[in-house]
Amino acid sequence: MLNKYARAFFTRVLTPFAAFLLRMRVTPDAVTVTGTAGVMAGALAFYPRGEFFWGTVVITLFVFSDLVDGNMARQIGTSSRWGAFLDSTLDRVADAAIFTGIALWYAGNGDNLTLCAVTIFCLASGQVVSYTKARGESIGLPVRVNGLVERAERLVITLVLAGFAGWERTFDVPHIGLLLPLALWVVAVGSLITLIQRVVTIRRESAEADAAEERERGREREPERERKREREREQGSEQARQSGPA
């Protein structure tokens with residue numbers, strides 16, 4: 001849902017900014033790298049210290065680079081395989097930094113190993129969810145499913161609730177810190193469901209593709225089988241003539 005609606009909205013909003021960067025001779029790859037560096041700095045400098053509000057503010061300022069770089073590439077018509085690879089790879093790095101920062105908090109001053117484990121699961125499952133689709137497409141499958149919680153949903157749920165949870169420490173709002181554990185459990189369960197959805201879809205599409213290939217091989221072998229039967233009939237006719245009366 002976020003990819004379908006929110007991405008289109010923010011793309012329109014950020015188009016003038018992308019055009020401005022192009023006029024300043026900034027490249028899409030530079031925006032990609034800078035955005036990832038900013039997300040990593042915000043996550044790893046603030047989250048392990050429990051500063052979730054300010055960390056989220058910094059991350060949010062840079063996370064929109066994921067939309068800006070693609071917008072810039074489309075405006076100048078230079079979308080490339082390298083750009084797509086760089087963008088996808090650094091997305092994984094940014095996600096890892098966000099959940100690593102949260103896990104470090106719970107492993108340290110947050111003092112909650114259960115939530116630390118849930119955070120690590122969010123990190124690992126998110127990476128695997130992305131990998132399943134990429135791997136499925138690399139072996140020629142369409143992977144016609146997105147799933148319940150994709151990257152956009154994972155980031156929005158985690159960052160929004162983490163930002164609000166930070167109000168407890170930054171603005172002394174009581175009990176609102178419970179929003180972060182809630183976000184982590186929602187993302188963990190949603191990622192697991194999404195992973196199952198994609199595995200089931202890829203399993204079905206693999207079976208369909210294998211069956212289609214087998215049918216194609218059967219059609220390719222059919223002319224050879226027909227020629228073999230024709231030769232056998234000809235040999236049978238020849239033997240019948242030879243064994244007949246002289």
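On a predicted model such as this, the values are computed, not experimentally measured, just so you know.

Reading the values: rules and limits
Residues numbered from 1 in each chain as written. Predicted model: local features only at pLDDT ≥ 70, side-chain atom pairs only at ≥ 80, totals over all residues. Heavy atoms only, no water. Helix = DSSP H or I, 4+ residues; strand = E, 2+ residues; numbered from the N terminus. Buried < 20%, exposed > 50% of the residue type's maximum accessible area, 1.4 Å probe, protein only. Contact = heavy atoms within 4.5 Å. Areas by Shrake-Rupley, 256 points an atom, 1.4 Å probe, with all protein chains shown as cover. Axes fitted to C-alpha atoms, helices over the stretch in contact; angles between N-to-C directions. Parallel < 35°, antiparallel > 145°, perpendicular 65-115°, else oblique. Nonpolar A, V, L, I, M, F, W, Y, C, P; charged D, E, K, R; others polar. Phe/Tyr/Trp six-rings, centres within 6.5 Å; stacked < 30°, edge-to-face > 60°. pLDDT = per-residue confidence, 0-100. Expected span 1.5 Å × (residues − 1). Polar contact = N/O pair within 3.5 Å; in protein donor to acceptor, adjacent residues only side chain to side chain. Salt bridge = Lys/Arg side-chain N within 4 Å of Asp/Glu carboxyl O.

Q: A description of the overall build of the chain should follow, citing residues and the corresponding values.
A: When its secondary structure is counted, the chain shows nine helices and zero strands. Along the chain, from the amino end to the carboxyl end, the secondary structure elements read α-α-α-α-α-α-α-α-α. Counting every position in the chain, which comprises 246 residues, the buried fraction comes to 37%. Of all intrachain contacts in the chain linking residues separated by at least 6 positions in sequence, the fraction that spans at least 24 positions is 77%. Total accessible area on the chain stands at roughly 14,600 Å², and carbon and sulfur atoms take up 64% of it.

Q: Residue-level account of the packing of helix H2 (residues 28–46) against helix H4 (residues 65–76), with values.
A: With their axes 8 Å apart at the nearest point, H2 and H4 run at an angle of 180 degrees to one another. On the basis of their axis angle, the class for H2 and H4 is roughly antiparallel. For the pair formed by H2 and H4, the contact residues are Pro28, Val31, Thr32, Gly35 and Thr36 on the first element and Ser65, Val68, Asp69, Met72, Ala73 and Ile76 on the second. Among the residues forming the contact of H2 with H4, the class breakdown is six nonpolar, four polar and one charged.

Q: Give a description of the packing of aromatic side chains that names residues and reports values.
A: Applying the stated rule across the entire model yields seven aromatic pairs. Taking the centre distance of 5.1 Å and the plane angle of 50 degrees together, the rings of Tyr47 and Phe52 count as tilted. Accessibility classification places Tyr47 together with Phe52 in one group, the buried group. Taking 4.9 Å as the distance between ring centres and 75 degrees as the angle between the ring planes, the aromatic pair formed by Phe53 and Trp54 counts as edge-to-face. Assessed through its relative accessible area of 17%, Phe53 is described here as buried.

Q: Which residues make up the confidence of the model for the chain, and what values go with them?
A: For the chain, the mean per-residue pLDDT works out to 89, and 89% of the residues sit at or above 70. Element-level pLDDT for the chain is lowest in helix H1 (residues 2–23), with a mean of 79, against a maximum mean of 96 in H2.

Q: Which residues make up helix H6 (residues 113–138), and what values go with them?
A: Taking 1.5 Å of rise per residue, the 26 residues of H6 would be expected to cover 38 Å, and the 37 Å separating its terminal C-alpha atoms lies within 8% of that figure. Regarding H6, the residues found buried are Leu115, Cys116, Val118, Thr119, Cys122, Ser125, Gly126, Val129, Ser130, Thr132 and Gly136. At the N-terminal boundary of H6, the capping side chain belongs to Asn112, with an oxygen 3.2 Å from the backbone nitrogen of Thr114. Positive backbone phi, at 90 degrees, marks Gly140, one or two positions downstream of H6.

Q: Outline helix H7 (residues 151–165), supporting the account with residue identities and numerical values.
A: Across its 15 residues, H7 extends 21 Å between first and last C-alpha, which sits within 8% of the 21 Å expected from 1.5 Å per residue. For H7, a buried count of 11 out of 15 residues is recorded, marking the element as mostly surrounded by other parts of the structure. Of all the positions in H7, only Arg151, Ala152, Glu153, Arg154, Leu155, Thr158, Leu159, Leu161, Ala162, Gly163 and Ala165 are classed as buried.

Q: Break down the packing of H2 against helix H5 (residues 81–107) for me, with residues and values.
A: One can describe the packing of H2 onto H5 by two numbers: an axis separation of 8 Å at closest approach and a directional angle of 5 degrees. With respect to their mutual orientation, H2 and H5 come out roughly parallel. Two secondary-structure elements touch here, H2 through Asp29, Thr32, Val33, Thr36, Val39, Met40, Ala43 and Leu44 and H5 through Trp82, Gly83, Leu86, Asp87, Leu90, Val93, Ala94, Ala97, Ile98, Thr100 and Gly101. Residue classes in the contact of H2 with H5 are distributed as 12 nonpolar, five polar and two charged.

Q: So what's going on with the pattern of salt bridges? Which residues, and what values?
A: The tally for this structure, following the rule as stated, stands at seven salt bridges. The closest approach of N and O atoms between Arg151 and Asp66, which form a salt bridge, is 3.5 Å. Taken together, the residues Arg151 in helix H7 and Asp66 in helix H4 connect sequence positions 85 residues apart. Per residue, the accessibility class of Arg151 equals that of Asp66, and both read buried. For the salt bridge of Asp95 with Arg151, the shortest nitrogen-to-oxygen distance reads 3.0 Å. Separated by 56 residues along the polypeptide, Asp95 in helix H5 and Arg151 in helix H7 bring together distant segments of the chain. The pair Asp95 / Arg151 is uniform in exposure class, with both members buried.

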